[in-house]
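Here's the letter readout for the chains.
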Amino acid sequence: LVRVFRVVKVSRYLAWLRVFAATVHASVAPLGMILFVIGLLVILLSSAAYFAERGESPGFDSIPESMWWCVVTMTTIGFGRSVPRTLLGKLVGSIAATCGVVILAIPISVIATNFQ
């Protein structure tokens, strides 16, 4: 904890750290909205995947397990154990992957816009 305060004290002398902190502070509201949208998409897409894949594929036995699949799919990490097998499940998976790439690219532009 003391080391954290040392970093804060040192930040007074580092101009780039002050600029970065001001940029993040100016971006808090848009980034919060993006997190809200990501959470909403995870809930909706994981529920859709659960109902599309119920009883067909392992890894979709409950909505929380489907949420894990959705987070992994949206962050483009991928996880081999949970793979949709039905046509509707593959459609939900492709929507989740596309939304993940689009939504996760937005914070970069938000921070870059507020960078001065």
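The preceding data block contains the structure.
If you're wondering where the values come from, they're calculated on a predicted model, not measured in any experiment.

## Details of the overall build of the protein chain
Helix and strand counts for the protein chain stand at five helices and zero strands. Mapped from its N terminus to its C terminus, the protein chain presents α and β elements in the order α-α-α-α-α. Dimensions of the protein chain along its principal axes, counting C-alpha atoms only, are 60 × 30 × 20 Å. The proportion of buried residues among the 116 residues of the protein chain is 29%. By sequence separation, contacts in the protein chain at least 24 residues apart represent 63% of the contacts at least 6 residues apart. Working note: accessible area of the protein chain is about 7,900 Å², and carbon and sulfur atoms make up 74% of it.

## Comments concerning the environment of I43
Inspection of the secondary structure puts I43 in helix α3 (residues 28-53). According to the relative accessible area criterion, I43 is partly exposed, its value standing at 42%. For the pair I43 and S66, spaced 23 residues apart in the sequence, the C-alpha separation amounts to 9.1 Å.

## Description of the packing of aromatic side chains
Applying the stated criterion across every chain yields a total of two aromatic pairs. Between the aromatic rings of Y50 and F51, the centroid separation amounts to 5.0 Å while the plane-to-plane angle is 70 degrees, which identifies the pairing as edge-to-face.

## A few points about the nonpolar core
With 14 residues, the main nonpolar core has L45, W69, C70 and M74 as its most contacted residues. Listing elements by their share of this core, those giving two or more residues are α3, α4 (63-74) and α5 (87-114). Sort the elements by how many residues they give to this core and α3 lands first, with six residues. Apart from the residues within four sequence positions on either side, W69 is in contact with A49, F60, S82, P84, V92 and G93.

## Looking at the packing of α3 against α5
Running from N to C, α3 and α5 cross one another at 175 degrees; their axes reach a closest spacing of 10 Å. As judged from the angle between their axes, α3 and α5 are roughly antiparallel. Here the contact of α3 with α5 is built from residues that sort into 21 nonpolar, one polar and two charged.

## Comments concerning unusual backbone geometry
Of note, the phi angle at T76 is positive, near 60 degrees, even though the residue is not glycine. Of note, T76 is situated in the loop between α4 and α5. Its relative accessible area of 54% is what places T76 among the exposed residues.

## Notes on the packing of α4 against α5
Following both chains from N to C, one finds α4 and α5 inclined at 50 degrees, their axes separated by 8 Å at the closest point. Accordingly, the angle class assigned to the pair α4 and α5 is oblique. Judged by the twist between their axes, the crossing of α4 over α5 is right-handed. In contact with W69, C70, T73 and M74 of α4, α5 contributes V92, G93, A96, A97, C99, G100, V101 and L104. A class-by-class count of the residues in the contact of α4 with α5 yields nine nonpolar, three polar and no charged.

Conventions adopted
- Residues numbered from 1 in each chain as written.
- Predicted model: local features only at pLDDT ≥ 70, side-chain atom pairs only at ≥ 80, totals over all residues.
- Heavy atoms only, no water.
- Helix = DSSP H or I, 4+ residues; strand = E, 2+ residues; numbered from the N terminus.
- Buried < 20%, exposed > 50% of the residue type's maximum accessible area, 1.4 Å probe, protein only.
- Contact = heavy atoms within 4.5 Å.
- Areas by Shrake-Rupley, 256 points an atom, 1.4 Å probe, with all protein chains shown as cover.
- Phe/Tyr/Trp six-rings, centres within 6.5 Å; stacked < 30°, edge-to-face > 60°.
- Core = buried A, V, L, I, M, F, W, Y, C linked by side-chain atoms within 4.5 Å.
- Axes fitted to C-alpha atoms, helices over the stretch in contact; angles between N-to-C directions.
- Parallel < 35°, antiparallel > 145°, perpendicular 65-115°, else oblique.
- Nonpolar A, V, L, I, M, F, W, Y, C, P; charged D, E, K, R; others polar.
- Left-handed = near helix turned anticlockwise from the far one by under 90°.

Everything listed here is a matter of coordinates, which is why it stays silent on function.
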